[in-house]
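Inside the fold
The chain contents come next:
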Amino acid sequence: MKIDPATKKQKTRNIALSLFIYVLPIALMFITFSINGQRPWIKKPIKKENIKLITNKSNFTNGSND
Amino acid sequence: MGATIEFIRKIIENLNGYGFPVLLLFIGVLEFSFGLYKGKWPKNERWVDIACFIVVPLIVRPAFGLFGLKVLPALFPAYKNLFGWVPVLWGVAIIAVADDLTQYWYHRLHHQIPWLWRFHRTHHSASYMGMAMANRQNLIYTIFFSQVYLTIALVYLGLGVPAIIVGVIKGAITTLAHSSIPWDKPFYKYKVLHPIAWVLERTISTPATHHAHHASSTDDGIGYYKGNFGNMFFLWDIIFGTALITRQYPKAYGISHYRGDQWYAQLLWPIFKSKVEGSELAAAGPMVRIERRQRTKPRAG
């Protein structure tokens, strides 16, 4: 099937423009990340909670070694 | 603040679930009470609309569910939630473009490629606009709704919340664009609202531009079934040169040569064929019926 040059040009333009629009929000997102220095894909290490262990006699020895 | 966010989240979740059928029924009741279907909803068309409203979700939703919950995890188990880190607003932008631009092309191709037209014909055979015909589609057309598979894949990759937000916004816009209640009319009537109208009609589907797409003729300069393919965003029509912006509504809708094909043929063509002689859905029917005055199908370009 022969496609006339004008239709072929139109199809190429439409495909290129569509691909550009698909990529646009993703590209803008990464540009914003680079400007703001954000790296949301890097998993943050879970912070150790500041829990104070209570180590009185009863915790370990049930208070029987005294 | 936390309570407000939770409240909004619950509204969105509910709208995404059973909210839309309720919205359809609510607007449908309004349309009936305004007498907008008076004399325009023959028995045959009632059967087509009701069959599509009931059967399509019953079959299609489980198929989509199967794809998201079984097929994707089996094929790509390591990719689940891979992009869960994408911020919600960026996710919304990505899904809105991916979903709606894909639907624009899916829709446009069904108008421009002759052998695809008959899968989309059911949606255009209604001679009225409104909630009754908003979900009127051939089952095969709906099952192959390409943008749904793309969106489900993005949900699988971690964009679930953005997909829900886009789904709610898109559902509201497309439902209201099909409604026979012309909510956009005040924007054209009052001069103070004209700047808003200018922006609205170029960005989203309005009743005026989408009704033009469903017109039975292009002769009046209002109807334009050769374009206005956008679903949520009308912007695609502007960008790709298929837009006709109108602030009037067509006098007649549907397909000029339509003679009431049976509900089962409209719902399940090519499995079931129409008994209407010369119909595009009949066993020996033409792929595209050519009218004497103009080539009516495919309905675009």
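Rules and cut-offs
The residue count restarts for each chain, going from 1 along the sequence in the order it is written. Starting at A for chains and at 1 for ligands, labels are handed out in the order in which the entities are written. Residue-level local features of this predicted model are given only where pLDDT is at least 70; pairs of side-chain atoms are given and counted only at 80 or more, and the full residue set underlies all totals for whole chains, interfaces and linings. Note that the side-chain values use all heavy atoms of the structure and ignore hydrogens as well as water. Elements are defined by DSSP. Helices are runs of H or I of four residues or more, strands are runs of E of two residues or more, and each kind is numbered from the N terminus. Relative accessibility under 20% of the residue-type maximum defines a buried residue, over 50% an exposed one, and the middle range a partly exposed one, all with a 1.4 Å probe and only protein chains included. All accessible areas in this document rest on Shrake-Rupley with a 1.4 Å probe, and a residue is counted as covered only by the protein chains that are shown. To form a nonpolar core, buried Ala, Val, Leu, Ile, Met, Phe, Trp, Tyr and Cys residues must be joined to one another through side-chain atoms within 4.5 Å. What makes two residues a contact is simply this: any of their non-hydrogen atoms within 4.5 Å. The axes are straight lines fitted to the C-alpha atoms, using for helices just the contacting stretch, and the angles between their N-to-C directions are given from 0 to 180°. Angles below 35 degrees are treated as roughly parallel, those above 145 as roughly antiparallel, those between 65 and 115 as roughly perpendicular, and all remaining angles as oblique. By the definition used in this description, the sense in which the near helix is turned from the far one sets the handedness, with an anticlockwise turn below a right angle giving left-handed and a clockwise turn giving right-handed. Using a 1.4 Å probe, buried area is obtained as the accessible area two parts lose upon being combined, added over both of them. By definition here, a salt bridge exists when the distance from a side-chain nitrogen of Lys or Arg to a carboxyl oxygen of Asp or Glu is within 4 Å. In protein, a polar contact means a hydrogen-donor-capable atom and an acceptor-capable atom, both N or O and within 3.5 Å, with residues adjacent in sequence counting only if both atoms are side-chain atoms; elsewhere, any N or O pair within 3.5 Å suffices. Three classes are used: nonpolar for Ala, Val, Leu, Ile, Met, Phe, Trp, Tyr, Cys and Pro, charged for Asp, Glu, Lys and Arg, and polar for all others, with Gly counted as polar.

1. Some remarks on the overall build of chain B
Counting secondary structure elements, chain B contains 13 helices and zero strands. Ordered by position in the sequence, the α and β elements of chain B form the string α-α-α-α-α-α-α-α-α-α-α-α-α. Expressed as a percentage of the 301 residues in chain B, the buried residues total 49%. Total accessible area computed for chain B in this model is approximately 14,700 Å², and 70% of it derives from carbon and sulfur atoms.

2. Describing the nonpolar core
Here is a general trend for soluble globular proteins: nonpolar side chains tend to be buried in one another's company. Of all hydrophobic cores here, the largest spans 34 residues; its most connected members are Tyr37, Ile95, Tyr128, Leu154, Leu159, Val166 and Tyr188 of chain B. Mapped onto this core, the elements with two or more residues apiece are helix H1 (5-36) of chain A together with helix H1 (2-33), helix H3 (88-112), helix H5 (131-134), helix H8 (160-178), helix H9 (185-189) and helix H10 (194-203) of chain B. Apart from residues lying up to four places away in sequence, Leu154 of chain B is in contact with Ile95, Ala98 and Leu159 of chain B. Ala51, Leu72, Leu116 and Tyr141 of chain B belong to the second largest nonpolar core, which has 21 residues in total.

3. Description of the side chain of His110 of chain B
Residues and elements named next belong to chain B. Assignment of secondary structure puts His110 in helix H3. Owing to a relative accessible area of 4%, His110 belongs among the buried residues under this scheme. Those residues in contact with His110 that lie beyond four places of it in its chain are Leu116, Trp117, Phe119, His120 and Tyr141.

4. A look at the packing of H3 of chain B against helix H7 (residues 146-156) of chain B
Residue and element names in this part refer to chain B. At a minimum axis distance of 8 Å, the contact between H3 and H7 shows a crossing angle of 160 degrees. With respect to each other, H3 and H7 are oriented roughly antiparallel. Between H3 and H7 lies a crossing whose hand is right-handed. For the pair H3 and H7, the contacting residues are Ile95, Ala98, Asp99, Thr102, Gln103 and Tyr106 in the first and Ser146, Gln147, Leu150, Thr151 and Leu154 in the second.

5. Quick word on the environment of Phe272 of chain B
Residues and elements named next belong to chain B. Tracing the sequence through the fold places Phe272 in the segment after helix H13 (263-268). Overall, Phe272 belongs to the partly exposed group, its relative accessible area being 40%. Linking Phe272 and Ala283, residues 11 residues apart in sequence, is a C-alpha distance of 8.8 Å. Once residues within four sequence positions are removed from consideration, Phe272 is found in contact with Tyr264 and Ala265.

6. Section: the interface of chain B and chain A
Listed by partner, the interface residues are 15 residues for chain B and 15 residues for chain A. Summed over both sides, the interface of chain B with chain A buries roughly 1,300 Å², with 78% coming from carbon and sulfur. Contact with chain A buries surface across chain B, with Trp85, Trp90 and Phe240 of chain B losing the most and accounting together for 46% of the total. Linking chain B with chain A are zero salt bridges. Put simply, chain B and chain A have two residue pairs in polar contact (both at pLDDT 80 or more) between them. Going through the elements one at a time, H3 and helix H12 (235-239) of chain B are the ones with two or more residues in the side of chain B that touches chain A. Here the side of chain B that touches chain A takes nine residues from H3 of chain B, the largest share from any one element. The class makeup of the residues in the side of chain B that touches chain A is 13 nonpolar, one polar and one charged.

7. As for unusual backbone geometry
Residue and element names in this part refer to chain B. Residues Trp269 and Pro270 are joined by a peptide bond in cis, for which omega reads 10 degrees. Along the polypeptide, Pro270 turns up in the segment after H13. Phi is positive for Asn81, close to 65 degrees, though the residue is something other than glycine. In this structure, Asn228 takes a positive phi of about 55 degrees despite not being glycine. Secondary-structure assignment places Asn228 in the loop between helix H11 (207-213) and H12.

8. Focus on the side chain of His210 of chain B
Position of His210 of chain B among the secondary structure elements: in helix H11. Residues in contact with His210 of chain B, not counting those within four places in the same chain, are Met129, Ala177, His178, Ser205, Asn228 and Gly230 of chain B.

9. Remarks on the packing of H3 of chain B against helix H4 (residues 114-124) of chain B
Each pair of packed helices gets described by two things: the angle between the helix axes and the distance between those axes. All names here are of chain B. The N-to-C vectors of H3 and H4 enclose an angle of 110 degrees; their axes lie 6 Å apart at closest approach. One element, H3, and the other, H4, form an angle in the roughly perpendicular class. Residue-level inspection shows His107, Leu109, His110, His111 and Gln112 of H3 in contact with H4, the latter providing Pro114, Leu116, Trp117, Phe119, His120 and His124. Taken together, the residues of the contact of H3 with H4 break down into five nonpolar, six polar and no charged.

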